[in-house]
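In case you want the letters, here they are:
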Amino acid sequence: MKLLEERIKKDGILINNEILKVDGFLNHNIDVALINEMGREFARLFAGLGINKILTIEASGIGIACIVAQYFEGADVLFAKKYQTKNLDQETYSASVTSFTHGRDYIIRVSKNHLNSDDRILIIDDFLATGHAIFGLMDLVKQAGADLCGVGICIEKAFQGGGSLLRDAGINLHSLAIVDIRENGEISFIDDSDAESMIK
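Residues numbered from 1 in each chain as written. Predicted model: local features only at pLDDT ≥ 70, side-chain atom pairs only at ≥ 80, totals over all residues. Heavy atoms only, no water.

So, the overall build of the protein: which residues are in play, and what are the values?
On a plain count of helices and strands, the protein comes out with six helices and ten strands. The C-alpha atoms of the protein give a radius of gyration of 16 Å, which matches the 16 Å a tight globule of 200 residues would have. Counting the 200 residues in the protein, one finds 46% classified as buried. Sequence-distant contacts in the protein: of pairs separated by 6 or more residues, those separated by 24 or more amount to 61%. Averaging the coordinates of the 20 positive side-chain charges in the protein and doing the same for the 29 negative ones gives two points 3 Å apart. (Helix = DSSP H or I, 4+ residues; strand = E, 2+ residues; numbered from the N terminus. Rg over C-alpha atoms; globule rule 2.2 N^0.38 Å. Buried < 20%, exposed > 50% of the residue type's maximum accessible area, 1.4 Å probe, protein only. Contact = heavy atoms within 4.5 Å. Lys, Arg positive; Asp, Glu negative; His and termini not counted. Charge placed at Lys NZ, Arg CZ, Asp CG, Glu CD.)

Mind laying out the sheet that holds strand β8 (residues 147-157), listing which residues take part and the relevant values?
Judged by pairing direction, the sheet is mixed, and its six strands sit side by side in the order β4-β3-β7-β8-β9-β10 without closing on themselves. The open sheet is flanked by β4 (76-80) and β10 (187-190), the only strands paired with a single partner. Averaged over all pairs of adjacent strands, the angle between their axes in this sheet comes to 25°, without regard to strand direction. With three bridges connecting them, strand β3 (residues 53-57) and strand β7 (residues 120-128) associate as parallel partners. (Pairing = 2+ DSSP bridges. Axes fitted to C-alpha atoms, helices over the stretch in contact; angles between N-to-C directions.)

Give a description of the state of the cysteines that names residues and reports values.
Considering all chains together, one arrives at zero disulfides under this definition. Cysteine C149 is unpaired, with the sulfur of C154 as its nearest cysteine sulfur at 18 Å. (Disulfide = S-S within 2.5 Å.)

If you had to explain the pattern of salt bridges to someone new, which residues and values would you point to?
The full count for this structure, using the stated rule, is 14 salt bridges. The salt bridge involving R120 is made with D147; its shortest N-O contact spans 3.3 Å. Of this pair, R120 sits in strand β7 while D147 is found in strand β8, placing the two residues 27 residues apart along the sequence. For R120, a relative accessible area of 30% puts it in the partly exposed group. According to the relative accessible area criterion, D147 is partly exposed, its value standing at 39%. Among the charged side chains, a salt-bridge network with shared partners connects R7, K10, D11 and D31. (Salt bridge = Lys/Arg side-chain N within 4 Å of Asp/Glu carboxyl O.)

Describe the packing of aromatic side chains, naming the residues involved and giving the relevant values.
Tallied over the entire structure, the rule returns one aromatic pair. The ring centre of Y106 lies 4.7 Å from the NZ or CZ of K82, which sits over that ring. (Phe/Tyr/Trp six-rings, centres within 6.5 Å; stacked < 30°, edge-to-face > 60°. Lys NZ or Arg CZ within 6 Å of the ring centre and 35° of its normal.)

I'd like a rundown of helix α1 (residues 2-11), residues and numbers included.
If you check which residues of α1 are buried, you get L4, E5 and I8. Buried residues of α1 fall within an arc of 100° about the axis and therefore sit on the same side. Summarising the geometry of α1, the exposed residues directed more than 90 degrees from the buried face are K2, K9 and K10. Elements that come into contact with the buried residues of α1 comprise β2 (19-21), α2 (32-45), β8, β9 (173-181) and β10. (Arc of directions from axis to C-beta.)

So what's going on with the nonpolar core? Residues and values would help.
Among the nonpolar cores identified, the biggest contains 31 residues, and L4, I8, L26, M38, I54, F72 and I155 are the most heavily contacted of them. Contributing elements (two or more residues each) for this core: α1, α2, α3 (60-69), β7, β8 and β9. Residues in contact with I8, not counting those within four places in the same chain, are L20, F25, I155, A177, V179, I187 and F189. Ranked by size, the runner-up nonpolar core spans 26 residues in total, among them I57, L128, I134 and V151. (Core = buried A, V, L, I, M, F, W, Y, C linked by side-chain atoms within 4.5 Å.)

Explain unusual backbone geometry to me, using residue names and the numbers behind them.
In this structure, the amide linkage connecting E58 to the following residue, A59, adopts the cis form with an omega of 0°. One non-glycine residue, N17, lies in the positive phi region at around 55°. Residue position: N17 is located in the loop between β1 (13-15) and β2.

Could you give an account of α2, naming the residues involved and the relevant values?
Across its 14 residues, α2 extends 20 Å between first and last C-alpha, which sits within 8% of the 20 Å expected from 1.5 Å per residue. Burial in α2 covers these residues: L34, I35, M38, G39, F42 and A43. Residue D31 occupies the N-cap position of α2, its side-chain oxygen lying 3.2 Å from the main-chain nitrogen of A33. (Expected span 1.5 Å × (residues − 1). Polar contact = N/O pair within 3.5 Å; in protein donor to acceptor, adjacent residues only side chain to side chain.)

Right, dumping it as structure tokens:
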């Protein structure tokens, strides 16, 4: 998605050739107009799949998922919680994930009351690095017997391999911006369709 790529070029900050800082427009201060356009693009990419629920993980995925859900008629947003809270239902699906950004493991949970076998799920997240968070969310979907229709990612870091793992597993994955790092440390982009063809 050229609009997102241009914004990354303009405002993204690469730290140690690993961390791409985009908190000025994506996951701290949110540019709602930009996310709206991203929502339209996700709706185009995953059209006709009968998606009724957007699944994400707290915290940075929630705002994005809520905006994206408006482009899928009747879809709710469900987010996996990283912490056990007193008001979380006792009956939950749970999975272990490792956060690349935070450098720690989490148990993520969703209530069994909000995820069931009738759901057709689109997973949405802001970043894809190693893929641990997405595989954790996919585990929750599998436990519930729900249908996984696809995975939509705002920014994929190609050099950390998560996208390749998902594509190799046959997941319907679309990333709006796929970032790679050149030898001189500059950011480059891979087209989503080119990434798809790499496993064929």
